[in-house]
Amino acid sequence: MRWKLGRVALAAVVAAGMSAVAVAEPVAAAPDRSAYAGIVPAPVSARADRGTFTIDRHTTITAGAGAGGVADYLGGVLRLPVRGPGRGGNTIRLVLAGRDEGNESYRLDAAPGAVTITAGRAAGLFAGVQTLRQLITGGTIPAGHVSDAPRFAYRGAMLDVARHFFTVAQVERYIDQLSQYKINTLHLHLADDQGWRIQINSWPRLATYGGSTAVDGDPGGYYTQDQYRAIVAYAASRFITVIPEIDLPGHTNAALASYAELNCDGVAPPLYTGTEVGFSSLCVGKEITYRFLDDVIRELAAITPGKYLHIGGDEAHSTSQADYITFMNRVQGIVAAHGKQVLAWHQIVSATPLPATVAQYWDTTNDNPQVAAAAQRGTGVVLSPANLAYLDMKYNAETPLGQDWAALIEVSDAYGWDPGSYLTGAPASAIRGVEAPLWTETLRTSADLEYMAFPRLPAIAELGWSPASTHDWAAFRLRLAAQAPRWRAQGINFYRSPQIPWPSAS
Ligand code: IFG
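Throughout, a residue's number is its position along its own chain's written sequence, starting from 1. The model is predicted, so local features are restricted to residues of pLDDT at least 70 and side-chain atom pairs to those at 80 or more, both for listing and for counting; the totals for chains, interfaces and linings are taken over all residues. Calculation of side-chain values draws on the structure's entire complement of heavy atoms; hydrogens and water are dropped beforehand.

Colleague: Just to check I follow, could you spell out the pairing of strand β11 (residues 241–248) for this structure?
Modeller: Residues in a regular strand point their side chains to alternate faces of the sheet. Counting buried positions over the 8 residues of β11 gives 7, a clear majority of the element. Any two strands are treated as partners once DSSP identifies two or more bridges connecting them. Here a strand is any run of E in DSSP of at least two residues, a helix any run of H or I of at least four, and the numbering for each starts at the N terminus. Judged from the 6 bridges that link them, strand β9 (residues 185–192) and β11 form a sheet pairing that is parallel. Across the sheet, residue His189 finds its bridge partner in β11, namely Glu245. As paired elements, β11 and strand β12 (residues 308–312) share 2 bridges and run parallel to each other. Within β12, the position partnered with Glu245 by the bridge is His310. For every residue, the accessible area obtained with a 1.4 Å probe (protein chains only) is divided by the maximum for its type, and the residue is called buried under 20%, exposed over 50%, and partly exposed between those limits.

Right under this line is the structure:
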């Protein structure tokens, strides 16, 4: 039975993005050749070929050694059986082979009888699988070829679970959404003035008391260490590394409220449910502060496989400059003593960053000589400019959720910059990548998170993954529009920005 192959144009990309669904029989869907022009993030190279691969009840996924985890993931997504290598017939093959380029590079080759994804490491196969999902239209994959590799190694999203608490299931839902756009890092903001969200066995009141509330007195919560391990493992199965943040020395009211002895005056402040910042500080002059931090960092390092711990360092307005420098230099040493490297907000450059310390830039200007000087001295930088990458910023004055202190950020603003050349005076070699923070003072549900993250998160993900040469707003907005049917199928509560020509049904 041959289906008449209709002609498709790029505009069809707008209507053709469909979530990956397995079908029992070939459906009358014209394979969407322009799907190769519609991938988000844009790949290094992609071209359609003649022919079509049809997913049907005989289709299997085969995986060689080392590719099993990705094969099982893909089998779950497409609801297809996974078999060992060597089977004939209509197969989707995941092949771990070739040079390991030390990143998530891959090749995808689709022909009528077989689709093959080849990569030097499993993370590359997983990236190729996300691309494959975007090429599937109604059970068919147009023949073609993709060769792809990331521009930046660090492609992150931050979720603030301190201002409002989000359950393991809600975090895992966000992880699944991030992984579709090749994000590979999840920064969890675990402690702040309004809540401490991770169990520390040696200081139990941090979570049980310090985690008992949230902004506006909303329900609190915290992760037991087993629950945190579950988040880390789920993220790892999507090739996402978790970076936990304990914000220091400011943003520490939850800890100070939990243990009076941590306060310089020995008096514990009340729990805080407002949204002010900069009023709290650990007591830099007390030795107990460093015993406390050694315990916290030791326990956190033991359950965090990734190489970074984030120690915050922002808005320490109640810590003197001299104390801030003393404190941040000492805490970096504690992190290193526990075998981890430091990530910190860019204020860390006013202390003495360790060689491996990376500064997360959140200023609202691209001209910050102090950070540029540190970058020139070798400090790595992750870019999260608050006026371009903060997903808690309103889209416009009418946006019901979010804040506007940094900027109003429409989709074109989130997309309209180049991380490689953004920070004046910083060498391109210092730029490790990008991260899109999602602060939750005003966000309470997954639908709230999704409304702010989509469609801007895929824009930041593209800045992190795609070659600068592919940067083109006119094309991106069409590719973004074609993602909408997928988001609708997955129940993602995305903002229908007027800047994007959304397909009618979405
Ligand atoms: N700045 C604070 C966050 C959060 C944010 C909300 C940083 C590094 C404003 N610090 O961003 O805690 O309140 O947009």
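Colleague: Would you mind going over the state of the cysteines with me for this structure?
Modeller: Note on terminology: a disulfide is the covalent bond linking the sulfur atoms of two cysteines. Disulfides are defined as cysteine sulfur pairs within 2.5 Å. Under the defined criterion, the tally for this structure stands at 1 disulfide. The disulfide partner of Cys264 is Cys283, and the S-S distance across this bridge is 2.0 Å. Between Cys264 and Cys283, the disulfide has an S-S torsion of 100 degrees and is therefore right-handed. Highlighted residues: Cys264 in the loop between α7 (253–258) and α8 (287–302) and Cys283 in the loop between α7 and α8, separated in sequence by 19 residues. The exposure class assigned to Cys264 is exposed, which follows from its relative accessible area of 56%. Residue Cys283 is classed as buried on the basis of its relative accessible area of 5%.

Colleague: Quick question: what am I supposed to make of the packing of α8 against helix α9 (residues 321–337) here?
Modeller: Between α8 and α9, the shortest axis-to-axis distance is 10 Å and the interhelical angle comes to 35 degrees. Seen along the crossing, α8 lies across α9 with a hand that is right-handed. Of α9, the residues touching α8 (which contributes Glu287, Thr289, Tyr290, Leu293, Asp294 and Ile297) are Phe327, Arg330, Val331, Ile334 and Val335. By residue class, the composition of the contact of α8 with α9 is 7 nonpolar, 1 polar and 3 charged. Axis lines are fitted through C-alpha atoms, for helices just across the contact stretch, and the angle between N-to-C directions can take any value from 0 to 180 degrees. Definitions for this section: a left-handed crossing has its near helix turned counterclockwise from the far helix by less than a right angle. A right-handed crossing has that turn clockwise. Residue contacts are defined here by distance: any two heavy atoms, one from each residue, within 4.5 Å place the two residues in contact. Residue polarity follows a fixed list, in which Ala, Val, Leu, Ile, Met, Phe, Trp, Tyr, Cys and Pro are nonpolar, Asp, Glu, Lys and Arg are charged, and the others, Gly among them, are polar.

Colleague: Is there a simple way to think about the environment of Thr442 in this case?
Modeller: Note that Thr442 resides in the loop between β16 (431–438) and α14 (446–453). Sequence separation between Thr442 and Gly333 is 109 residues; the distance between their C-alpha atoms is 35 Å. Contacts of Thr442, omitting those with residues within four sequence positions, involve Leu401, Gly402, Gln403 and Asp448.

Colleague: So what exactly am I meant to see when it comes to the sheet that holds strand β5 (residues 106–110) here?
Modeller: Each strand in a sheet pairs with its neighbour through backbone hydrogen bonds, running either in the same direction (parallel) or in the opposite one (antiparallel). Read across the sheet, 7 strands follow the order β1-β7-β5-β6-β4-β2-β3 without closing on themselves; strand pairing throughout is mixed. The sheet is open, and its two edges are formed by β1 (45–54) and β3 (82–83), each paired on a single side. Summarising the sheet, strand β2 (residues 60–63) and β3 pair through 2 bridges and their orientation is parallel. Following the sheet pairing, Ile61 is matched in β3 by Val82.

Colleague: Mind showing me how you'd approach the packing of aromatic side chains here?
Modeller: The geometry of an aromatic ring pair is captured by the separation of the ring centres together with the interplanar angle, meaning the angle of the planes. In summary, the pairing rule links any two rings of Phe, Tyr or Trp, Trp by its six-membered ring, whose centres are within 6.5 Å, and it sorts them by plane angle into stacked for under 30 degrees, edge-to-face for over 60 and tilted for everything else. Applying the stated rule across the entire model yields 26 aromatic pairs. With a centroid separation of 5.0 Å and an interplanar angle of 80 degrees, the aromatic rings of Trp203 and Phe292 are classed as edge-to-face. Taken as a pair, Trp203 in the loop between β10 (195–196) and α5 (205–208) and Phe292 in helix α8 lie far apart in primary sequence, 89 residues in all. With respect to class, Trp203 is no different from Phe292; both count as buried. By way of ring pairs, the aromatic residues Tyr181, Phe454, Trp487, Phe494 and Trp502 are connected into one cluster. Just above the ring of Tyr290 sits the side chain of Arg330; from NZ or CZ to the centre is 3.8 Å. To sit over a ring, a charge needs its Lys NZ or Arg CZ within 6 Å of the ring centre and within 35 degrees of the ring normal. Above the face of the Phe494 ring, Arg496 is positioned so that its terminal group lies 3.8 Å from the ring centre.

Colleague: What's the story with the site of the ligand in this structure? I'm lost.
Modeller: Think of it this way: one heavy atom of a residue within 4 Å of a molecule or strand is enough to make that residue near it. Neighbouring residues of the ligand: 13 residues in total, closest Asp314, Tyr390, Asp392, Trp405 and Glu441. In protein, a polar contact means a hydrogen-donor-capable atom and an acceptor-capable atom, both N or O and within 3.5 Å, with residues adjacent in sequence counting only if both atoms are side-chain atoms; elsewhere, any N or O pair within 3.5 Å suffices. Within the side chain of Trp405, an N or O atom sits 2.8 Å from an oxygen atom of the ligand. Between an oxygen atom of the ligand and a side-chain N or O atom of Glu441, the distance comes to 2.6 Å. With the chains in place, 97% of the 350 Å² that the ligand exposes on its own is no longer accessible. Considering only residue class, the shell around the ligand consists of 6 nonpolar, 2 polar and 5 charged. All accessible-area figures derive from a Shrake-Rupley calculation using a 1.4 Å probe, and residue coverage is judged against the displayed protein chains alone.

Colleague: In this structure, what is going on with the pattern of salt bridges? I would like to understand it.
Modeller: Opposite charge on two side chains permits pairing when their charged atoms draw close. A side-chain nitrogen of Lys or Arg and a carboxyl oxygen of Asp or Glu constitute a salt bridge if their distance falls within 4 Å. On inspection of all chains with the given rule, the structure shows 17 salt bridges. Of the charged contacts in the structure, one is a salt bridge between Asp160 and Arg163, with a shortest N-O distance of 3.2 Å. Like Arg163, Asp160 is buried. Arg173 is paired through a salt bridge with Glu450; the nearest N and O atoms lie 2.5 Å apart.

Coordinates in, geometry out; function isn't part of it.
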